[in-house]
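# Report on the structure
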Amino acid sequence: RKIEPTPARYNSNPKYLFEASGSAGKILIFAVRTRTYPLEKNPTTFYIGTHTPQELEGIRRLFLSADMPLPIAAEYMGRTAFDLAEKYGKDTYVFLKHLSPAVQTKLFAFKSWANNLFSKVPGIGPTFADTVSQKAFDLIPSQLPQRLLDYRQRFEHHLQLTVSAAQAAESEAMLKAFFAEEGNSGDFFICTPDEAKSATLNRFGAASAANRYAAMKRKELGELIPIDVALRRDDWDWLEVLPQHIADQLDTAAYYGHFFCHVMHQDYVAKKGVDPHKLHDDIQELLEARGAKLPAEHNYGRLYHMPEDMVAHFKEMDPTNTFNAGIGGTSPKKNWA
């Protein structure tokens, strides 16, 4: 709930590091203990649209400071992320909405197998199954409920806010009062169960949609540069405005994330010929200058430079450098040589 000039949660926060770390490929944990809570029955989902990021930030602070339990979830999507998910995540949306988990698992395993098989065939490449699925689902109309599509036309910024049944009436009253204030131009509606599920699946699909988009257009465009960032909790201007010299290197940028904790996923697709590593470092430098921390949820991999306190943490856990050698710019050699 704190509104202060620090990020809420990120990988290198020493407060939460205890004998384990995020998995960058290999991990060994004998036991974990996690906080949880009872499953809420009959939750209510509000779908909110606004023209300005600051209105959503006002809603965020309103709920964080209210004398009531926190919402169950608050997921943000920008219009570009919405569009990418609706078009390039349509197959994922249909599979998750209409098929059983067992069938989903088999389909995704088959897709991986097919991509791997045809990647060895000259002239086809590693996205054969994705290409076939994309072209097939391009032939069917949008699967999203009409009210979600209407809000996509009306508003640039979307927030899916889910609260418990006990908080539904009070939350609705808070939103009505907020949008009744002079200067606020957004709107909201209460989702039906089908709309709530559809909004959740579309938001989920955004996580892979930019990757599918870049794969489909790999001959025309550069690489996908995914960044996940923990922004300051007091940042009113949370949605970045890129300087022109960086914006000129991009074909598209999609923003979505876990809004109340200000953890955002930012997917950039570079233009052809752009150095993705240099561009990643330039964007990271801009975000860190704003007081943000990277990465927030994903691991360091080969993209991010690991801070010294995290290097010390990994060395303590893995003194022989066996598990994830070379991540975060560290030594790839045995015993951290």
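As shown above, the structure is provided for reference.
First, a word on scope: everything that follows refers to the structure included in this document. (Residues numbered from 1 in each chain as written. Predicted model: local features only at pLDDT ≥ 70, side-chain atom pairs only at ≥ 80, totals over all residues. Heavy atoms only, no water.)

## Let's talk about the pattern of salt bridges
Taken as a whole, this structure holds 18 salt bridges when the rule is applied. Between glutamate 156 and arginine 79 there is a salt bridge, with its nearest N and O atoms 3.3 Å apart. Taken as a pair, glutamate 156 in the loop between α6 (146-154) and β3 (157-163) and arginine 79 in helix α2 (residues 79-88) lie far apart in primary sequence, 77 residues in all. Taken together, the shared-partner salt bridges connect Asp91, Lys111, Asp130 and Arg212 into one network. (Salt bridge = Lys/Arg side-chain N within 4 Å of Asp/Glu carboxyl O. Helix = DSSP H or I, 4+ residues; strand = E, 2+ residues; numbered from the N terminus.)

## Section: the packing of α2 against helix α8 (residues 193-216)
Helix-helix packing is characterised by the crossing angle of the two axes and by the distance between the axes. Across the interface, α2 lies against α8 with an axial gap of 7 Å and an inter-helix angle of 75°. Considering their axes alone, α2 and α8 lie roughly perpendicular with respect to each other. Here Ala81, Phe82, Leu84, Ala85, Glu86 and Tyr88 of α2 come into contact with α8, specifically with Asn202, Gly205, Ala206, Ala209, Ala210, Arg212, Tyr213 and Met216. Per-class residue counts for the contact of α2 with α8 are ten nonpolar, two polar and two charged. (Axes fitted to C-alpha atoms, helices over the stretch in contact; angles between N-to-C directions. Parallel < 35°, antiparallel > 145°, perpendicular 65-115°, else oblique. Contact = heavy atoms within 4.5 Å. Nonpolar A, V, L, I, M, F, W, Y, C, P; charged D, E, K, R; others polar.)

## Topic: the nonpolar core
The biggest cluster of nonpolar side chains holds 49 residues, and the ones touching the most others in it are Ile48, Ile59, Tyr76, Leu161 and Tyr268. Among the elements that make up this core, the one with the highest residue count is helix α7 (residues 168-180) (five residues). One finds Phe95, Leu96, Phe137 and Ala209 within the second-largest nonpolar core, a separate group that totals 30 residues. (Core = buried A, V, L, I, M, F, W, Y, C linked by side-chain atoms within 4.5 Å. Buried < 20%, exposed > 50% of the residue type's maximum accessible area, 1.4 Å probe, protein only.)

## A closer look at the pairing of strand β2 (residues 73-78)
Summarising burial for β2: five of the six residues are buried, a large majority. Two strands pair when backbone bridges link them, and β2 and β3 are joined in this way by six bridges, in the antiparallel orientation. Paired with alanine 73 across the bridge in β3 is threonine 162. When β2 meets strand β6 (residues 250-258), the two strands line up antiparallel, connected through three bridges. Bridge pairing in β6 links glutamate 75 to histidine 258. (Pairing = 2+ DSSP bridges.)

## Some words on empty space enclosed by the protein
Counted by the stated rule, this structure contains three cavities of 30 Å³ or more. Roughly 60 Å³ of volume is contained in the largest cavity. Around the largest cavity, the lining residues are Tyr47, Glu75, Tyr76, Met77, Phe82, His158, Leu159, Gln160, Ala199, Asn202 and Arg203. Going through the elements one at a time, β2, β3 and α8 are the ones with two or more residues in the lining of the largest cavity. The class makeup of the residues in the lining of the largest cavity is six nonpolar, three polar and two charged. If you add up the space inside the second largest cavity, you get close to 50 Å³. (1 Å grid on protein atoms, 1.4 Å probe; cavity = no way out; pocket = protein on both sides within 12 Å on 5 of 7 lines; lining within 4 Å. Points joined across faces, edges and corners; volume = space filled by probe spheres on them.)

## Some thoughts on the environment of glycine 326
With respect to the secondary-structure elements, glycine 326 resides in the segment after α11 (308-317). The exposure class assigned to glycine 326 is buried, which follows from its relative accessible area of 10%. When near neighbours in sequence (up to four residues on either side) are disregarded, glycine 326 contacts Arg302, Ser331 and Pro332.

## A word on the sheet that holds β6
Ordered by their spatial adjacency, seven strands build an open sheet running β4-β1-β3-β2-β6-β7-β5, and the pairing between neighbours is antiparallel. Unpaired on one side and paired on the other, β4 (187-190) and β5 (221-230) mark the two borders of the sheet. Neighbour-to-neighbour, the strand axes of the sheet open up by a mean angle of 15°, direction not taken into account. Its contacts with the sheet put helix α1 (residues 53-65) on β1 (44-50), β2 and β3, and the angle it makes with β3 is roughly 15°. Sitting on the sheet, α2 is in contact with β1, β2, β3 and β6, with an inclination near 90° to β2.

## A short note on a nonpolar patch on the surface
Where nonpolar side chains cluster on the molecular surface, the patch consists of Ile27, Ile29 and Val32 and spans about 270 Å² of accessible area. With respect to the helices, strands and loops of the structure, valine 32 is situated in the segment before β1. (Patch = residues over 30% accessible without salt bridge, like charges linked within 9 Å, V, L, I, M, F, W, Y side chains within 5 Å. Areas by Shrake-Rupley, 256 points an atom, 1.4 Å probe, with all protein chains shown as cover.)

## Considerations on a negative patch on the surface
Together, Glu223, Asp275, Asp281, Glu285 and Glu288 give the surface a local cluster of negative charge. Here the negative patch takes three residues from helix α10 (residues 276-289), the largest share from any one element. Along the chain, aspartate 281 falls in helix α10. The exposure class of aspartate 281 is partly exposed, given its relative accessible area of 32%. (Lys, Arg positive; Asp, Glu negative; His and termini not counted. Charge placed at Lys NZ, Arg CZ, Asp CG, Glu CD.)

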